[in-house]
Amino acid sequence: MKELDVMGVRVEMPTNSPIVLLRERGGQRYVPIWIGAPEATAIAYAQQGVEPPRPLTHDLMASIISELGRKVDTIHITSLEDGIFYAELHFDNGTVISARPSDAIALALRTATQILASEELLDEVGITMAVEEEDEVERFREFLDQVSAEDFEAGPEGPAGEQGASPPAGPDLPGQ
């Protein structure tokens, strides 16, 4: 299993679809996952350290898990089937629960939990960035520094599933 880092969330134009971008730690493969706007907001809030006045759903999940004396050991991005990503929450007592990747990622950021994917999945869905494309990554990071969670609250509702596989053509997505 390879560890993944959350690079950030953004809105893909022209579709206004939010994307979470994961990167293989110590590697050059990226995994874009199309997610819904509320999940994009939850991930962005966690990355920016925003603490809302009342707990959001993922904050509540983290509190429940902790209060029940459990710990999320790892998050696994497990597969891509029919263009939909799947994930699992792996708990310290051996329990495994299926989850949407966006929810699993939002929870992982709140609980400082590793996000993992198999080498086979990364071979299947990973986008490898060439060295000359590193400035694209830097531009994406600059974008992430300027985006706020509120940017994901407006616009049409996101897709029902966690979509991926082949990103839509466009100049905005690194690796295209």
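Scroll up a little and you will see the structure.
Here the structure is a predicted model, which means the values were calculated and not measured.

A. Expanded view of the sheet that holds strand S4 (residues 72–81). Strand order across the open sheet formed by eight strands is S6-S5-S4-S7-S1-S2-S3-S8, with mixed pairing between neighbours. Of all strands in the sheet, those bounded by a partner on one side alone are strand S6 (96–99) and strand S8 (127–128). Where strand S1 (residues 2–12) lies against strand S2 (residues 17–24), eight bridges are found, and the strand directions are antiparallel. Bridge pairing links aspartate 5 to arginine 23 in S2. The strands touched by helix H3 (residues 101–111) within the sheet are S1, S2, strand S3 (29–34), S4, strand S5 (84–91), S6 and strand S7 (114–117), with S5 carrying the most contacts at an inclination of about 40 degrees.

B. A look at helix H1 (residues 37–48). Over its 12 residues, H1 extends 16 Å from the first C-alpha to the last, a length consistent with the 16 Å expected when each residue adds 1.5 Å. The set of residues buried in H1 consists of Ala37, Glu39, Ala40, Thr41, Ala42, Ile43, Ala44 and Tyr45. If you follow the buried residues of H1, they end up packed against S1, S2, helix H2 (57–67) and H3. Where H1 ends, the next residue or the one after it, glycine 49, has phi of about 70 degrees, a positive value.

C. Representation of the pairing of S7 in the model. The pairing of S1 with S7 spans three bridges and is classified as antiparallel. When the bridges of S7 are listed, glutamate 3 appears paired with leucine 116. Of the pairings in the sheet, the one linking S4 to S7 comprises four bridges and is parallel in character. Residue pairing in the sheet places isoleucine 77 in a bridge with alanine 117 of S7.

D. Looking closely at the environment of phenylalanine 85. Residue placement: phenylalanine 85 occurs in strand S5. For phenylalanine 85, a relative accessible area of 3% gives the class buried. Here the alpha-carbon distance between phenylalanine 85 and valine 125, two residues 40 residues apart in the chain, equals 10.0 Å.

E. A look at unusual backbone geometry. Residues methionine 13 and proline 14 are joined by a peptide bond in cis, for which omega reads 10 degrees. On the secondary structure map, proline 14 appears in the loop between S1 and S2. With phi around 60 degrees, asparagine 16 is a residue other than glycine that occupies positive phi space. As for its position among the elements, asparagine 16 is in the loop between S1 and S2.

Reading the values: rules and limits
Residues numbered from 1 in each chain as written. Predicted model: local features only at pLDDT ≥ 70, side-chain atom pairs only at ≥ 80, totals over all residues. Heavy atoms only, no water. Pairing = 2+ DSSP bridges. Helix = DSSP H or I, 4+ residues; strand = E, 2+ residues; numbered from the N terminus. Contact = heavy atoms within 4.5 Å. Axes fitted to C-alpha atoms, helices over the stretch in contact; angles between N-to-C directions. Expected span 1.5 Å × (residues − 1). Buried < 20%, exposed > 50% of the residue type's maximum accessible area, 1.4 Å probe, protein only.

Nothing here speaks to function; it is all geometry.
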